[in-house]
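Architecture at a glance
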Amino acid sequence: MNAPDRFELFVLPEGVKKVSVSKDAKIVNAATFTVEREDHSVGNIVRMQLLRDPDVLFAGYKMPHPLEHCIVVKVQTKKSTTPYTAFNNALTDLIGELSALEDKFKSELEKRQEMGDGDQYM
């Protein structure tokens, strides 16, 4: 079959960085971030988090090709901040939100297990 091996979807090849950044030569305060081994799930939540930042003028992502396992995120910011700072802040905020979601989920699961309802979820 012509399909790539499944492990190529998530295993980072040796010597390849998870995230690489290149400054845009034509647009002021713009950069392109290439994130290896990620797909639309990560691309969309990162884009949405970037757009929550009032200093971000543009945020978008694309997958160059279905068989290439990477996303390309473009960010343009106001002069008061850099695209790198906005991208870093967005990822930090997402980590915090996902940690809070995980804590709430575990708390609710423990409550249901104490009540005897949790067995059906395991």
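Before reading on, note that the structure itself is shown above.
As the structure is a prediction and not an experimental result, all values here were calculated from the model.

Quick look at the pairing of strand S4 (residues 70-77) now. Across a regular strand the side chains alternate sides, sitting on one face of the sheet and then on the other. The element S4 is extensively covered by neighbouring structure, given that 6 of its 8 residues are classed as buried. Relative to S4, strand S2 (residues 30-36) runs antiparallel, the two sharing 7 bridges. Looking across to S4, one finds that glutamate 36 is bridged to cysteine 70. Looking at chain direction, strand S3 (residues 56-62) and S4 are connected through 6 bridges and run antiparallel. Bridging from a neighbouring strand, phenylalanine 58 pairs with glutamine 76 of S4.

A surface patch of nonpolar side chains, about 410 Å² in accessible area, is lined by Phe7, Leu9, Phe10 and Val11. Within the element layout of this structure, leucine 9 appears in the segment before strand S1 (19-23). Here leucine 9 falls in the partly exposed class, since its relative accessible area comes to 42%.

Take the nonpolar core next. Note that soluble globular proteins tend to have their nonpolar side chains buried in a common cluster. Phe33, Val46, Leu50, Val56, Val73, Val75 and Phe87 are the most contacted members of the largest nonpolar core, which has 14 residues in total. Put simply, the parts of the chain that give this core at least two residues each are S2, helix H1 (40-52), S3, S4 and helix H2 (83-115). Here this core gets 4 residues from one element, more than from any other, and that element is H2. Not counting the four nearest positions on each side in its chain, valine 73 is found in contact with Ala31, Thr32, Phe33, Leu50, Gly60, Tyr61 and Phe87.

Here we take up the pattern of salt bridges. Counting across every chain of the model gives 5 salt bridges. With a closest N to O distance of 3.0 Å, arginine 52 and glutamate 97 form a salt bridge. Within this pair, whereas arginine 52 is found in helix H1, its partner glutamate 97 is found in helix H2, the two being separated by 45 residues in sequence. Of the residues examined, glutamate 97 reaches a relative accessible area of 39% and is grouped as partly exposed. Here lysine 106 ties to glutamate 102 by a salt bridge, and the two come within 3.2 Å at their closest N and O atoms. Here the residue lysine 106 and the residue glutamate 102 both occupy positions in helix H2, the gap between them amounting to 4 residues, near one helical turn. For glutamate 102, a relative accessible area of 41% corresponds to the partly exposed category.

Further remarks concern the packing of aromatic side chains. Applying the stated rule across the entire model yields 1 aromatic pair. Taking the centre distance of 4.1 Å and the plane angle of 5 degrees together, the rings of phenylalanine 33 and phenylalanine 87 count as stacked. Of this pair, phenylalanine 33 sits in strand S2 while phenylalanine 87 is found in helix H2, placing the two residues 54 residues apart along the sequence. Classification of phenylalanine 87 as buried rests on a relative accessible area of 5%.

Definitions and cut-offs
Residues numbered from 1 in each chain as written. Predicted model: local features only at pLDDT ≥ 70, side-chain atom pairs only at ≥ 80, totals over all residues. Heavy atoms only, no water. Buried < 20%, exposed > 50% of the residue type's maximum accessible area, 1.4 Å probe, protein only. Helix = DSSP H or I, 4+ residues; strand = E, 2+ residues; numbered from the N terminus. Pairing = 2+ DSSP bridges. Patch = residues over 30% accessible without salt bridge, like charges linked within 9 Å, V, L, I, M, F, W, Y side chains within 5 Å. Areas by Shrake-Rupley, 256 points an atom, 1.4 Å probe, with all protein chains shown as cover. Salt bridge = Lys/Arg side-chain N within 4 Å of Asp/Glu carboxyl O. Core = buried A, V, L, I, M, F, W, Y, C linked by side-chain atoms within 4.5 Å. Contact = heavy atoms within 4.5 Å. Phe/Tyr/Trp six-rings, centres within 6.5 Å; stacked < 30°, edge-to-face > 60°.

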